[in-house]
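Results of the structural survey
The lines below spell out each chain.
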Amino acid sequence: SPLSASGAGVCTDLVVSANTITGMQLDVQNFTDMGSGVVLGGVTNALVTNNFISGGAGSGVVVGGIDYDHFAPESDLNWGGGLKTGSDPVNNVIANNKLSGNGVKAVRMDSTVPSGTVVDASGNWFGVATSAGVAATVASQVDYTPWLAVGTEDPVHGAEPGFQGDFHALWVDDDSPQVVPVIRV
């Protein structure tokens with residue numbers, strides 16, 4: 001199953017770092033986040049960094065709000081309501097990951113995330129370098145700029161654990177939502 005953080009209380013200050021998560025498949029137990037690598041349901045102040053997350057049937061990272069439900073309503077588990085989590089997702093950062101080849105999105109926002117919430121997913125490799133290609137791999141509420149121009153690791157730090165993106169060349173897109181309002185140059 002995916003790496004998942006949830007519970008009846010508030011889940012905060014979570015770090016998911018230096019993992020290789022590949023080939024997640026559709027779950028026979030009807031999880032709504034089927035085949036996704038990392039699921040942040042109602043988590044605040046999370047940092048997802050230096051990970052290889054690829055080849056999953058779902059999304060690389062899923063961000064859900066306070067009412068995020070890990071289980072489909074008609075679950076084989078007869079759960080009768082699923083898991084409700086602690087808070088709406090704020091201050092979550094998804095950075096310096098290799099998020100490529102996932103079946104749905106690199107970063108997906110669940111419908112439980114409040115309108116206007118933007119998640120910072122800057123500084124990742126999304127499997128493509130064009131602005132249209134990157135925008136297509138993320139949800140509309142994801143700040144994806146700047147992104148890595150190549151999916152190779154930094155030649156100096158590449159031997160360190162996890163994905164070490166090469167930040168020597170970056171691409172930007174003025175159509176990307178922004179976590180913090182900025183004046184563009």
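Right, let's walk through the structure included here. (Residues numbered from 1 in each chain as written. Predicted model: local features only at pLDDT ≥ 70, side-chain atom pairs only at ≥ 80, totals over all residues. Heavy atoms only, no water.)

**Brief notes about the environment of V150**
Inspection of the secondary structure puts V150 in the loop between β15 (147-148) and β16 (170-171). Look at V150 and you get partly exposed, because its relative accessible area is 34%. (Helix = DSSP H or I, 4+ residues; strand = E, 2+ residues; numbered from the N terminus. Buried < 20%, exposed > 50% of the residue type's maximum accessible area, 1.4 Å probe, protein only.)

**A short note on the pattern of salt bridges**
As enumerated under the stated definition, the model contains one salt bridge in all. Between R108 and D110 there is a salt bridge, with its nearest N and O atoms 3.8 Å apart. (Salt bridge = Lys/Arg side-chain N within 4 Å of Asp/Glu carboxyl O.)

**Quick look at unusual backbone geometry**
Cis peptide bonds are those with omega within 30 degrees of zero, and the linkage from T145 to P146 qualifies with -5 degrees. Here P146 lies in the loop between β14 (142-143) and β15. In this model, D13 sits at a positive phi of 55 degrees, which is unusual for a non-glycine residue. A positive phi angle, near 60 degrees, is found at A18, a position not held by glycine. Relative to the helices and strands, A18 resides in the loop between β3 (15-17) and β4 (20-22).

**Remarks on the side chain of T49**
Following the sequence through the fold, T49 ends up in strand β7 (residues 47-49). Among the residues examined, T49 registers a relative accessible area of 12% and is labelled buried. Within the structure, the side chain of T49 is placed 3.1 Å from the side chain of N50, a separation counted as a polar contact. For T49, the contacting residues outside a window of four places in its chain are V16, S17, A18, A95, N96 and N97. (Polar contact = N/O pair within 3.5 Å; in protein donor to acceptor, adjacent residues only side chain to side chain. Contact = heavy atoms within 4.5 Å.)

**Let's talk about the nonpolar core**
The biggest cluster of nonpolar side chains holds 26 residues, and the ones touching the most others in it are V61, I94 and F126. Of all the secondary-structure elements, those providing two or more residues to this core are β5 (38-41), β9 (61-64) and β12 (107-109). Look past the residues within four positions of I94 in its chain and what remains in contact with it is V48, V61, V63, L99, V107, V119, D120, A121, S122 and N124. (Core = buried A, V, L, I, M, F, W, Y, C linked by side-chain atoms within 4.5 Å.)

**Remarks on the sheet that holds strand β11 (residues 98-100)**
Taken in spatial order, the three strands line up as β4-β8-β11 in an open sheet, and their pairing is parallel. Among the strands making up the open sheet, the edge pair consists of β4 and β11. Here the average twist between neighbouring strands, direction ignored, is 5 degrees. When β4 meets strand β8 (residues 52-54), the two strands line up parallel, connected through three bridges. Pairing of T22 across the sheet is with S54, part of β8. (Pairing = 2+ DSSP bridges. Axes fitted to C-alpha atoms, helices over the stretch in contact; angles between N-to-C directions.)

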